[in-house]
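Tertiary structure, described
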Amino acid sequence: MKKNITSKIKRMICAALAVTLVLALANPGEVFAAKAKKKAAAKKVVVVLDPGHDTVHHGCSYNGFEEGYANLAIAMYCKQELERYNGVTVYLTRTTLDCPYGADPASSTGCLAGRVNFAKSVGANVIVSLHNDYDPDMDPAQCGSKIIIPNAFYRPDICLAGFSLAQNILPALTSTGLTVNNWKTDPNGTGICTRSSSISTYPDGTPKDYYALINKSKSAGIPAVIVEHAFCTSPSDLQNHLSTPEQLARLGVADATGIARYFGLSLR
Ligand SMILES: [Zn+2]
């Protein structure tokens, strides 16, 4: 009796396997599509968006524009857009106007370290820090977008990842009508630049990246880029790109489009 039941179960399993095999051979397209979907689902990238500044570590403030607020709004729109894609988890380093990592008014070091530590704790593949710019000379030539990437020292692989990420985000931003900013600190005409410290070095003695968020991320093994969307001191940028929620949403969507392209993500 026992033997009969066992052989009956075996026969049922064999029959089920045969049916699966026949279905697989009959619908090879469906089988491959299912495999691709499974692969896409398995591809889980983690993006950490970092809305620059907060109520203690102020960004630029000009003519009604408050950078800390605008950066948070852009980040929220960007997260919303990115979550329309498969295989991505998105986190923000802050979701309110305050710094959640210690609000020392004398220094932003602790807050920036906290942002990078948070990104590391959630397994970030990239950190995209969202900012806007201010030109103290009110130079009208200082307008448009630029992206600051890790320098080529210490971890050249992280520089390359940042470069590729920037190459995807910048065209998405200029498609909204923004120009490419030719940064006076590094006027290379491409809108993708690095900035190195003249005093601090990495453990191998090479110059550190100037910005703490980038150098701390590099030390943590994470490519981080700083996206400077537009200049609040440019009347054109301010009026056409930084004045309404719709305009900020357009910037967040452009960032998300570039990030999705970098990772090869597909819409749900
Ligand atoms: Zn800023």
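Here the structure is shown first, and the text comes after it.
As a starting point, this report considers the structure included with it. Small disclaimer: the values here were computed from a predicted structure and weren't measured.

1. Describing the overall build of the protein
Along its length, the protein carries eight helices and 10 strands. Among the 268 residues that make up the protein, the fraction classed as buried is 43%. Accessible area for the protein stands at about 13,600 Å²; split by element, carbon and sulfur atoms hold 59% of it.

2. Re helix H5 (residues 156-174)
In a regular helix each residue adds 1.5 Å, so 19 residues correspond to 27 Å; H5 covers 27 Å between its end C-alpha atoms and thus fits that length. Taken residue by residue, H5 has Ile158, Cys159, Ala161, Gly162, Leu165, Ala166, Asn168, Ile169, Leu170, Ala172 and Leu173 as its buried positions. If you follow the buried residues of H5, they end up packed against strand E5 (126-133), strand E6 (146-148), strand E7 (192-193), helix H6 (212-219), strand E10 (224-231) and helix H8 (245-263).

3. Focus on the pairing of strand E4 (residues 88-92)
Successive residues of a regular strand alternate their side chains across the two faces of the sheet. What you see with E4 is a clean split: Val88, Val90 and Leu92 sit on the buried side and Thr89 and Tyr91 on the side with no burial. Relative to E4, strand E1 (residues 45-51) is paired through five bridges, and the arrangement is parallel. Paired with valine 45 across the bridge in E4 is valine 88.

4. Digging into H8
Every α-helix winds through 3.6 residues per turn, so residues three or four apart in the chain are directed the same way. Counted at 1.5 Å a residue, the expected span for H8 with its 19 residues is 27 Å, and the 27 Å between its end C-alpha atoms agrees. Immediately downstream of H8, the backbone of glycine 264 shows phi near 65°, a positive value.

5. Let's talk about the packing of helix H4 (residues 109-121) against H6
It is at 9 Å that the axes of H4 and H6 come closest, and there the two elements cross at 40°. As far as their axial angle goes, H6 and H4 are oblique. Where H4 crosses over H6, the handedness of that crossing is right-handed. Across from Thr109, Leu112, Ala113, Arg115 and Val116 in H4, the residues of H6 making contact are Ala212, Leu213, Lys216 and Ser217. Counted by class, the contact of H4 with H6 contains five nonpolar, two polar and two charged residues.

Thresholds, definitions, all that
- Residue indices follow the written sequence of each chain, beginning from 1 at its first position.
- For this predicted model, a pLDDT threshold of at least 70 governs which residues receive local features, and a threshold of 80 or more governs which side-chain atom pairs are given and counted, while totals over whole chains, interfaces and linings are taken from all residues.
- Neither water nor hydrogens contribute to the side-chain values; these are computed over all heavy atoms in the structure.
- Going along the chain from the N terminus, every DSSP run of H or I of four or more residues is numbered as a helix, and every run of E of two or more is numbered as a strand.
- Exposure classes here rest on a 1.4 Å probe applied to the protein chains alone. A residue is buried below 20% of its type maximum, exposed above 50%, and partly exposed in between.
- Areas reported here follow the Shrake-Rupley algorithm with a probe of radius 1.4 Å; residue values treat only the protein chains shown as occluding.
- How far a helix is expected to stretch is found by multiplying one less than its residue total by 1.5 Å.
- The criterion used for residue contact is that any of the two residues' heavy atoms lie within 4.5 Å.
- Two strands form a pair only when DSSP identifies at least two bridges running between them.
- All axes are obtained by fitting lines to C-alpha atoms, using only the stretch in contact for helices, and the reported angles, taken between N-to-C directions, cover 0 to 180 degrees.
- Roughly parallel means an angle under 35 degrees; roughly antiparallel means over 145; roughly perpendicular covers 65 to 115; every other angle is labelled oblique.
- The sense of a crossing depends on the near helix, which, turned anticlockwise from the far helix by less than a right angle, makes the crossing left-handed and, turned clockwise, makes it right-handed.
- Just so you know the grouping, Ala, Val, Leu, Ile, Met, Phe, Trp, Tyr, Cys and Pro go in nonpolar, Asp, Glu, Lys and Arg go in charged, and all remaining residues, Gly too, go in polar.

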